[in-house]
Amino acid sequence: MAVISTPQGSRLSISYITGKDERGVDIVRSRTYNNIKSSALDQDVMDVAVILSGLQTYPVKSVTRINQVDLAQE
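Residues numbered from 1 in each chain as written. Predicted model: local features only at pLDDT ≥ 70, side-chain atom pairs only at ≥ 80, totals over all residues. Heavy atoms only, no water.

Brief notes about the overall build of the chain
Here comes step 1: Helix and strand content of the chain: 1 helix and 3 strands.
Here comes step 2: Shown N-terminal to C-terminal, the secondary structure of the chain runs as helices and strands in the order β-β-α-β.
Here comes step 3: The C-alpha radius of gyration computed for the chain amounts to 16 Å, which surpasses the reference 11 Å derived for 74 residues by more than 25%, pointing to a less compact arrangement than a globule.
Here comes step 4: Taken over the C-alpha atoms alone, the chain extends approximately 55 × 25 × 15 Å along its principal axes.
Here comes step 5: Per-residue burial for the chain yields a buried fraction of 16% across its 74 residues.
Here comes step 6: Seen as two clouds, the 8 positive and the 8 negative side-chain charges of the chain have centres 7 Å apart. (Helix = DSSP H or I, 4+ residues; strand = E, 2+ residues; numbered from the N terminus. Rg over C-alpha atoms; globule rule 2.2 N^0.38 Å. Buried < 20%, exposed > 50% of the residue type's maximum accessible area, 1.4 Å probe, protein only. Lys, Arg positive; Asp, Glu negative; His and termini not counted. Charge placed at Lys NZ, Arg CZ, Asp CG, Glu CD.)

Let's talk about the sheet that holds strand β1 (residues 3-20)
Here comes step 1: Reading across from one edge, β2-β1-β3 is the order of the 3 strands in this open sheet, with antiparallel pairing throughout. Each end of this open sheet is capped by a strand with a single partner; those strands are β2 (26-36) and β3 (60-73). Recorded for the sheet is a direction-independent mean angle of 25° between the axes of neighbouring strands.
Here comes step 2: Bridge count for β1 against β3 is 13 bridges, and the pairing is antiparallel. Bridge pairing links L12 to R65 in β3.
Here comes step 3: Running over the sheet, helix α1 (residues 42-54) touches β1, β2 and β3 and is turned about 25° from β1. (Pairing = 2+ DSSP bridges. Axes fitted to C-alpha atoms, helices over the stretch in contact; angles between N-to-C directions. Contact = heavy atoms within 4.5 Å.)

By themselves these figures say nothing about function.
Written out as structure tokens, the structure reads:
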């Protein structure tokens, strides 16, 4: 049986290094932005992440796009 994948949307998660703990390990905090169109190009999502990161005082550790899909069998 084939599986049908229907895009439902995306989220953008940006992780920032906000400091160091007593052992010198990075402290990481994340911001998640919901309701990203599933049809948005990866480059466009990255461009938005760069702009949003420019508004922060902390350096970026990672940028992640989380795609959500509904799965159904034919």
